[in-house]
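Descriptive structure summary
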Amino acid sequence: MLPLLAALLLVPAQLGAARVTYEPTWESLDARPIPDWFDGVKFGIFIHWGVFSVPSFGSEWFWWYWQGQKSEPYVKFMSNNYPPGFRYEDFGPQFTAEFYDPLQWANILKESGAKYVVLTSKHHEGYTLWGSKFSWNWNSMDVGSKRDLVGELADAIRRNTDLHFGLYHSLFEWFNPLFLTDKQNAFQTPSKSLPELYEIVLKYKPEIVWSDGDVKDVVVTNDRWGTGCMCKHGGFYTCSDRYNPGHLLPHKWENCMTIDKRSWGYRRNALISELLTIEELVKELVETVSCGGNLLMNIGPTHDGRIPVVFEERLKQMGKWLKVNGEAIYSTKPWRAQNDSITSGVWG
C-alpha cells in the first residue's frame, strides 16, 4: 500500500521555505510531520453509517457474522425476520435516508464541541456513500437514498461550522471478488481501493484520510494501510480500536472509540446499560488528552438518516462540558512528568 499512500501525498507539502515531495517508502512518508491543526483539536466525532444500519442488529459487521462466520444469533435473526433467499444486498434499497438532514447533523456536531468529523465513506461491506463509478449499483446514488451522502455532509460542515472534514475508507471488502482475488495474490493485483481513494480525495478534499485495513499540506493520515503498518507508520497512530495506552507516546495518536460499547453502527437492540454515560465519556477524553492523544468518539445513525436521540444527548452534554472546560483541552500540551500520586486516576 506504499504507492497508494504516497499518491495521496503527492502534492508537495510546504515546510518553511522548502517544498517536499514524498516518495513511496516508509522512510520518506514517516518523515512527513502531522499538520499543526490536528494536534490542537483534541476531540472529533466518528460516524459509522452504511447498509448495516438497515438490519441494525448486533454490529456493523452484520454481513460477516451472518454469512462469513455463520454466527448463530445472526443466522437466527435472519431466519426469524426475513424470507428464505434474502440476501444482504437486498438491504440496499432500504437504506433510504429519508430523514437525513446534513445541516441538522452539522449543527449537532458543532454543539458537541468537536473540532473534526470523520464519516465512513465506505465500510467493509463495500457500499459507498457517494456515487462511485468503481462501485456500480452498490452505492448511495444507484441504490437506496439516491443521494450523495458524503457530498451533502461535506458541504453542510464547511458552510456552517469550523470543523475539519475527514473520510474513513476501508481497504478491504469481505465478499468482493476483486478483493478476494487480490488477497490470494498477496495484494499485488489491481483492486478498486486506489481509484476509489482518488475519487474521494479529489472530489471531497478531506483533511483526514482515515484508512482501515490489516494531499495537501493540511491533510493527515492514520496508520491502517495494510499488514505491519498499524502503530508503526502513518501521520497518527490508532494501534487498535478503543486504544488508550494510559501514558505518553513519542508519536501522535488517536483513541477511536464508540458510545455504544458493543457496536460502531446503530443497533436497534442496544440497551441503555450498554451505552457510555457522559461521565465515562468525559473521563475518556481527559485521560486521552492528558497522554497526548485525540479522542475520536463514534456515533451510529439510523438507516433513515437520524442521529438517535441518546447519541444527540451525549454529544450536547459533551459540548456543555467543553464550553466550561475547553481551555484545559484544546491546544494543550501534556504534562511530561505525569506523576501525581494524589489524583492518579487523571493519568489513566
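Residues numbered from 1 in each chain as written. Predicted model: local features only at pLDDT ≥ 70, side-chain atom pairs only at ≥ 80, totals over all residues. Heavy atoms only, no water.

1. Some details on the overall build of the chain
Looking only at helices and strands, the chain features 11 helices and nine strands. Sorting the 348 residues of the chain into buried and exposed places 56% on the buried side. For the chain, the accessible surface area stands at approximately 15,600 Å², while carbon and sulfur atoms represent 55% of it. (Helix = DSSP H or I, 4+ residues; strand = E, 2+ residues; numbered from the N terminus. Buried < 20%, exposed > 50% of the residue type's maximum accessible area, 1.4 Å probe, protein only. Areas by Shrake-Rupley, 256 points an atom, 1.4 Å probe, with all protein chains shown as cover.)

2. Re the side chain of histidine 169
Position of histidine 169 relative to the elements: it lies in strand E5 (residues 164-170). A polar atom in the side chain of histidine 169 sits 2.8 Å from the side chain of glutamate 196. (Polar contact = N/O pair within 3.5 Å; in protein donor to acceptor, adjacent residues only side chain to side chain.)

3. Examining the pairing of strand E3 (residues 43-47)
Within E3, five of the five residues are buried, leaving the element largely enclosed by the surrounding structure. Both faces of E3 are covered, namely the face carrying Phe43, Ile45 and Ile47 and the face carrying Gly44 and Phe46. Summarising the sheet, E3 and strand E4 (residues 116-122) pair through four bridges and their orientation is parallel. Within E4, the position partnered with glycine 44 by the bridge is tyrosine 116. (Pairing = 2+ DSSP bridges.)

4. Examining a nonpolar patch on the surface
A grouping of Leu194, Tyr198 and Leu202 is seen on the molecular surface, where their side chains present a nonpolar patch of about 280 Å² in accessible area. Structurally, leucine 194 can be placed in helix H9 (residues 193-204). (Patch = residues over 30% accessible without salt bridge, like charges linked within 9 Å, V, L, I, M, F, W, Y side chains within 5 Å. Salt bridge = Lys/Arg side-chain N within 4 Å of Asp/Glu carboxyl O.)

5. Concerning unusual backbone geometry
Phi is positive for serine 56, which is not a glycine, with a value near 45°. With respect to the secondary-structure elements, serine 56 resides in the loop between E3 and helix H4 (62-68). Of note in the backbone geometry, lysine 205 takes a positive phi value of approximately 50° without being a glycine.

6. Observations regarding the packing of helix H10 (residues 278-290) against helix H11 (residues 309-325)
Contact geometry for H10 and H11: axes closest at 10 Å, N-to-C directions at 55°. Judged by the angle between their axes, H10 and H11 are oblique. Two packed elements cross with a definite hand, and for H10 against H11 that hand is right-handed. For the pair formed by H10 and H11, the contact residues are Ile278, Leu281, Val282, Leu285 and Val286 on the first element and Arg314, Gln317, Met318, Trp321 and Leu322 on the second. Partitioning the contact of H10 with H11 into residue classes produces eight nonpolar, one polar and one charged. (Axes fitted to C-alpha atoms, helices over the stretch in contact; angles between N-to-C directions. Parallel < 35°, antiparallel > 145°, perpendicular 65-115°, else oblique. Left-handed = near helix turned anticlockwise from the far one by under 90°. Contact = heavy atoms within 4.5 Å. Nonpolar A, V, L, I, M, F, W, Y, C, P; charged D, E, K, R; others polar.)

7. Describing the packing of aromatic side chains
Taken as a whole and judged by the stated rule, the model has 34 aromatic pairs. Judged by centre distance (6.1 Å) and plane angle (55°), the rings of phenylalanine 77 and tyrosine 82 are tilted. What makes tyrosine 82 buried here is its relative accessible area of 18%. In this structure, lysine 115 is placed above the aromatic ring of tyrosine 330, and the distance from its NZ or CZ to the ring centre is 4.8 Å. (Phe/Tyr/Trp six-rings, centres within 6.5 Å; stacked < 30°, edge-to-face > 60°. Lys NZ or Arg CZ within 6 Å of the ring centre and 35° of its normal.)

8. Re the pattern of salt bridges
Enumeration according to the criterion identifies 16 salt bridges in this entry. Residue lysine 316 pairs with glutamate 111 through a salt bridge whose shortest N-O separation is 3.9 Å. Owing to a relative accessible area of 42%, glutamate 111 belongs among the partly exposed residues under this scheme. Connected through shared salt-bridge partners, Asp260, Arg262, Arg267 and Glu274 make up one network.

Any functional reading would require information that these geometric values do not contain.
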